[in-house]
Amino acid sequence: RPLPITSSRPRFPPSLNPPPQSHHSVIPSAPLIPSAVLPPALPQLLTATAAAPAAAAAAPLAPLVCSGAMASSTLSVPVMQKDIHGWNPCARISSNARVNSHRTLRSPLSMSTLRKPPFFRAHPASINPPHVSASQRYSLDAKKFPVSCASKFQLDDVIESQQFDTDILNGIFEVAFEMEKIEKNSPGSKILKGYLMATLFYEPSTRTRLSFESAMKRLGGEVLTTENAREFSSAAKGETLEDTIRTVEGYSDIIILRHFEGGAAKRAASIATIPVINAGDGPGQHPTQALLDVYTIKREIGRLDGISLGLVGDLANGRTVRSLAYLIAKYKKVKIYFVAPNVVKMKDDIKDYLTSMGVEWEESSDLLEVASKCDVVYQTRIQKERFGERIDLYEAARGKYIVDRKVLDVLPKHAVIMHPLPRLDEITVDVDGDPRAAYFRQAKNGLYIRMALLKLLLLGW
């Protein structure tokens, strides 16, 4: 059962002044007492608080009551929640909620740790971007990203693509679009001021690590970083991943983890008491890359249902294409083409999953034919680091499928070429000048998606 944990501190960083008092009063933290019955004094106190904040402020605050089971009573607590523009009054939080007893929420104000029941997550109204003319190809409007269910779920960690459904994806994309406006029109947001993000990267990274660090700093947060943690951290001394996570979570509010072992992010999340984001785990998954890929397809093509997608290159070892396949399968009437050398063909688990989801897929050895049918050609590099000592197999696979001017000649005018980067020679440099080359815009979109995830994980909706 949950232990009573007390904190008398307000739920916002000390650097931010609390909003002016109004009928939406901030209710301080109170002890969480295991019980299924709310004390009769609490509803009256909250009513008095809403009617006369000054008088209620001097009155003793009855303890909030929760338990691991659903509470038998329901009451609404008026709160203030910080959204992307600052402090705003939010929807009332119901005490009729289930306590997630193994997760905790760390306040940026102190090292004190509170239980993390979902009812402490307020849900501000959905953010609707202004209408943009449909004639602008690289555009977005509110109808494209409805957030009908944004207030119905809580995002605790980002571990794998399977954890998302289309409603959650629409919600994330909506917030990402709002982050675009912040990045382009604001000198600097402070909504994450007082929060610390730790990046633990056991494998090399440029775009993922820098985009996460940029995202955190653009929202006012701070970064603790370790690059090449496999060699320059206590892992070199034999420390386990679990011990590292337990240590680092004491210094930060969120952990971004890249690891060389598949399933490492899931292990980390299972023992962490703060949010964990999987930034790539060996040949496993890379869910934030898949999110930015799907977001880019939506921005570039204008739709996700009914698209044809060609996945090219190292499909056996590429965690980006695996995560993308899991994510794009959630949309309707999607067709996927696999184009890969024999030694790095897509594995059967992805094929079986697509079949179970009713997604049509086809393997081909003709890149030009596939490119002529696709809305998106997603090229990947052959990953030398996954071959170990079998350099002969790497050399046999490298250079077999290259996107060049010949591919552009057959590619539909509306289609785009994407790549998770870095590239070697699988896309020739003369393709960069074509407007259908979307891979650098794709990399930029990674900033907005990661800004959105940090906001959602640390502040909620």
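Residues numbered from 1 in each chain as written. Predicted model: local features only at pLDDT ≥ 70, side-chain atom pairs only at ≥ 80, totals over all residues. Heavy atoms only, no water.

Identification of the protein as aspartate carbamoyltransferase from Musa troglodytarum is taken from an unreviewed UniProt entry. The Pathway (unreviewed entry) comment attached to the protein in UniProt states, word for word, "Pyrimidine metabolism; UMP biosynthesis via de novo pathway; (S)-dihydroorotate from bicarbonate: step 2/3." Under the Sequence similarities (unreviewed entry) heading, UniProt states for the protein: "Belongs to the aspartate/ornithine carbamoyltransferase superfamily. ATCase family." (UniProt positions renumbered as here; feature names shortened; annotations may be inferred.)

A. Structural context of the sheet that holds strand E10 (residues 222–226). Taken in spatial order, the four strands line up as E10-E9-E11-E12 in an open sheet, and their pairing is parallel. Looking along the sheet, the strands with just one partner apiece sit at the ends: E10 and strand E12 (276–281). Each adjacent strand pair in this sheet contributes to an overall mean axis angle of 15°, direction not counted. Two elements, strand E9 (residues 196–201) and E10, share five bridges in a ladder whose sense is parallel. From the neighbouring strand, leucine 200 faces E10, where its bridge partner is threonine 226. Each of strand E11 (254–259) and E12 is contacted by helix H7 (residues 264–271), which is oriented at about 165° to E12, the strand it contacts most. (Pairing = 2+ DSSP bridges. Helix = DSSP H or I, 4+ residues; strand = E, 2+ residues; numbered from the N terminus. Axes fitted to C-alpha atoms, helices over the stretch in contact; angles between N-to-C directions. Contact = heavy atoms within 4.5 Å.)

B. Region of interest: the pattern of salt bridges. Across all of its chains, the model carries 22 salt bridges by this definition. In this structure, glutamate 183 and lysine 444 form a salt bridge, with 3.2 Å as the shortest nitrogen-oxygen distance. Taken together, the residues span a long stretch of sequence, with glutamate 183 in helix H3 (residues 166–185) and lysine 444 in helix H14 (residues 439–459) at a distance of 261 residues. For lysine 444, a relative accessible area of 35% translates into the label partly exposed. Between arginine 303 and aspartate 375 there is a salt bridge whose closest N-O contact spans 3.5 Å. (Salt bridge = Lys/Arg side-chain N within 4 Å of Asp/Glu carboxyl O. Buried < 20%, exposed > 50% of the residue type's maximum accessible area, 1.4 Å probe, protein only.)

C. Up close: unusual backbone geometry. Backbone torsion omega between leucine 421 and proline 422 reads 5°, so that peptide bond is classified as cis. With respect to the helices, strands and loops of the structure, proline 422 is situated in the loop between strand E17 (416–418) and H14. Within the chain, lysine 333 stands out as a residue other than glycine whose phi angle is a positive 55°. Inspection of the secondary structure assignment puts lysine 333 in the loop between helix H9 (319–328) and strand E14 (335–339). For lysine 333, a relative accessible area of 77% translates into the label exposed. One non-glycine residue, leucine 421, lies in positive phi territory at about 65°. Within the fold, leucine 421 resides in the loop between E17 and H14.

D. The confidence of the model for the protein, seen in detail. This prediction gives the protein a mean pLDDT of 73; 64% of its residues lie at or above 70. When pLDDT is averaged over each helix and strand of the protein, the minimum, 32, is found for strand E6 (residues 93–94) and the maximum, 97, for E17. Taken together, the stretch residues 1–43 has pLDDT below 50 and engages in 92 contacts with residues farther than four places along the chain or on a different chain. Here residues 45–152 is a poorly scored stretch, pLDDT under 50, and it has 254 contacts once near neighbours within four places are set aside; other chains count. (pLDDT = per-residue confidence, 0-100.)

E. Inspection of the packing of aromatic side chains at higher detail. In the structure shown here, the tally under the stated rule is five aromatic pairs. Their ring planes at 70° and their centres at 6.3 Å tell us that tyrosine 202 and phenylalanine 260 sit as a pair that is edge-to-face. Taken together, the residues span a long stretch of sequence, with tyrosine 202 in the loop between E9 and helix H4 (207–218) and phenylalanine 260 in the loop between E11 and H7 at a distance of 58 residues. Since its relative accessible area comes to 5%, tyrosine 202 is described here as buried. Centroid distance tyrosine 439 to phenylalanine 440: 5.2 Å. Interplanar angle 65°. Geometry classified as edge-to-face. (Phe/Tyr/Trp six-rings, centres within 6.5 Å; stacked < 30°, edge-to-face > 60°.)

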